[in-house]
Amino acid sequence: MNSIILLSALGLGNLFLGFRRSNRLLLPVMMLILGLVLTVNFLDWNQGPQSFFSGMLIVDNFSVAFTGIVLLTALVLVPFSQRYVLDEEANLAEYYSLLLFSLVGAIMLASYNHLLMLFLGIEILSVAMYVLAGSDKRNLRSNEAALKYFLMGAFFTGVLLFGMALVYGATGTFELSSISFAVQNPVNESLRPMLYIGMLLMLLGIGFKVGAAPFHFWTPDVYEGTPTFFTAFMSTVVKTAGFAAFLKLLVQVFPAATAQGVWLPTLTAMCVLTLLVGNVGAVAQTSVKRMLAYSSISHAGYLLVALVAFNGALEGASANGILFYSLAYSLATVSAFGVLKLVADARHREDYAGFNGLAKTNPLLAFSLTVSMLSLAGIPLTGGFFGKFFVFMAAVENGYIGLVIFALLMSMVSIYYYLRPIISMYMRDADDADSAIPVPVTTFQSGALLVLALLTVLLGVLPGLIAGVL
């Protein structure tokens, strides 16, 4: 709750002060703010469930852990906004305020105990992202991305809200534990079909928010058109918060008693289709940015494996697997998009050929991207390996061996498209026009890339630092 108050106050303050000529100071100030909020967040660790707004928000270890991932991701991502710092036409104060507001929505998704707070969290997060997706006024693709994201997002928000209305009509409450009790002990059996339809509509609505197939169709175009800095934010913070909300919904609202015949077949089908579409789609891409968009879809599929295998509690193998995977995925994805942004800004291209010879001209960028690609592929000694390991083990323990085998096959497919940038960087020569990309060692960007690579390897060597905290 302290994190929400701090972010809201600082976002409003920054917005109303409207710094324009002090842009160079905003980047370190923003990093300081996020570091402060991250520290304050962990003061609530092991303090027991704390209730706010008449029980509509609950702060516990689950919410603190996912809030920590969201804030850490934002902290290591902010340095890559340096181009906006140097752009006199960029409304940096507004961008940062919108990011802070979107973080408030993300935290609400990890802390909600009432469907109204779930809806508010999604809308606060989404509205900020609609604006940021179209923030590059000079790029028609950015305008197109914002329009597509807004129209499709508004439609699926309606689907989610309609599902909430049906669930309320069947149970008479928006409070999570009360809905769970009503599901297991229905007062009127004739309302059960209404309840089940509402549950499925809510699953579809949140499935769109996390980019799960067959509701993924917005992802490649929106990711490609959105400015790369905000694409990275969308791919990590939004997805982590969405899966935290997804897990909480399944555990606390739709208990295991109704799983087998109602939402589990739908969730399993979404998982298989998401893995297939994400990995096969990524293979066919020639743009690294679109490849990362399909990669984001595929990783939603791996997280869905853990949701299918959940054990009915916000703790245990499934919840810990989602937590670890979200952290490892976020670190690797921020690094990948960070390098992509630096390369695209300097060489004005986002295809694989734009990375040719990068190992010779910019060893730091090549090393950082290599670590992130290996982690996303799930190669040992990276955080991504243990992320997939924990998710797959949770599924195996619950008997979903066939689903794990399919996910493993899709992981093998992913190695192909994750190795393509590495081959370009180390085995191909740069074009004469592609000179070294200036990234001084003393900049925040260089420091962020080194920290991201270090954390990714650290999670692969010492997974016990995070594994099992829930």
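Basis of the calculations
Residues numbered from 1 in each chain as written. Predicted model: local features only at pLDDT ≥ 70, side-chain atom pairs only at ≥ 80, totals over all residues. Heavy atoms only, no water. UniProt positions renumbered as here; feature names shortened; annotations may be inferred. Helix = DSSP H or I, 4+ residues; strand = E, 2+ residues; numbered from the N terminus. Rg over C-alpha atoms; globule rule 2.2 N^0.38 Å. Buried < 20%, exposed > 50% of the residue type's maximum accessible area, 1.4 Å probe, protein only. Contact = heavy atoms within 4.5 Å. Expected span 1.5 Å × (residues − 1). Bend = angle between axes of the 7 residues up to and from the residue. Phe/Tyr/Trp six-rings, centres within 6.5 Å; stacked < 30°, edge-to-face > 60°. Lys NZ or Arg CZ within 6 Å of the ring centre and 35° of its normal.

An unreviewed UniProt entry annotates the protein chain as NADH-quinone oxidoreductase subunit N of Hymenobacter lapidiphilus. Annotation of the protein chain in UniProt includes, under Subunit (unreviewed entry), the sentence "NDH-1 is composed of 14 different subunits. Subunits NuoA, H, J, K, L, M, N constitute the membrane sector of the complex." What UniProt records for the protein chain under Sequence similarities (unreviewed entry) is the sentence "Belongs to the complex I subunit 2 family."

When you go through the protein chain residue by residue, the secondary structure sums to 19 helices and two strands. Taking 470 residues into account, the globule formula puts the C-alpha radius of gyration at 23 Å, and the protein chain, at 21 Å, falls close to it. Once the C-alpha set of the protein chain is aligned to its principal axes, its extents read approximately 75 × 50 × 40 Å. Here the protein chain, with 470 residues, has 60% of them falling under the buried criterion. Looking at the protein chain alone, contacts between residues at least 24 apart form 79% of all its contacts between residues at least 6 apart.

Below, the discussion takes up helix H11 (residues 228–252). The end-to-end C-alpha distance of H11 is 36 Å, a good match for the 36 Å that 25 residues give at a rise of 1.5 Å each. Residue Met-234 marks the point of greatest curvature in H11, where the axis turns by about 25°.

In this structure the tally under the stated criterion is 23 aromatic pairs. Relative to Tyr-223, the ring of Trp-218 has its centre 6.1 Å away and its plane inclined at 70°; by these criteria the two rings are edge-to-face. Looking at Trp-218, the relative accessible area reads 3%, which means it is buried. Given the relative accessible area of 2%, Tyr-223 is considered buried. Measuring from centroid to centroid gives 4.6 Å for Tyr-417 and Tyr-418, while their planes differ by 55°, and the two rings are tilted. A relative accessible area of 0% means that Tyr-417 is categorised as buried. The class of Tyr-418 is buried, set by a relative accessible area of 1%. Feature note: the residues Tyr-130, Tyr-149, Phe-150, Phe-155, Phe-156, Phe-208, Phe-215, Phe-217, Trp-218 and Tyr-223 constitute an aromatic cluster, connected by ring pairs. The ring of Tyr-302 has Lys-388 sitting right over it, with the charged end atom 4.5 Å from the ring centre. Cation over ring: Arg-420 sits above Tyr-352, and NZ or CZ is 4.0 Å from the ring centre.

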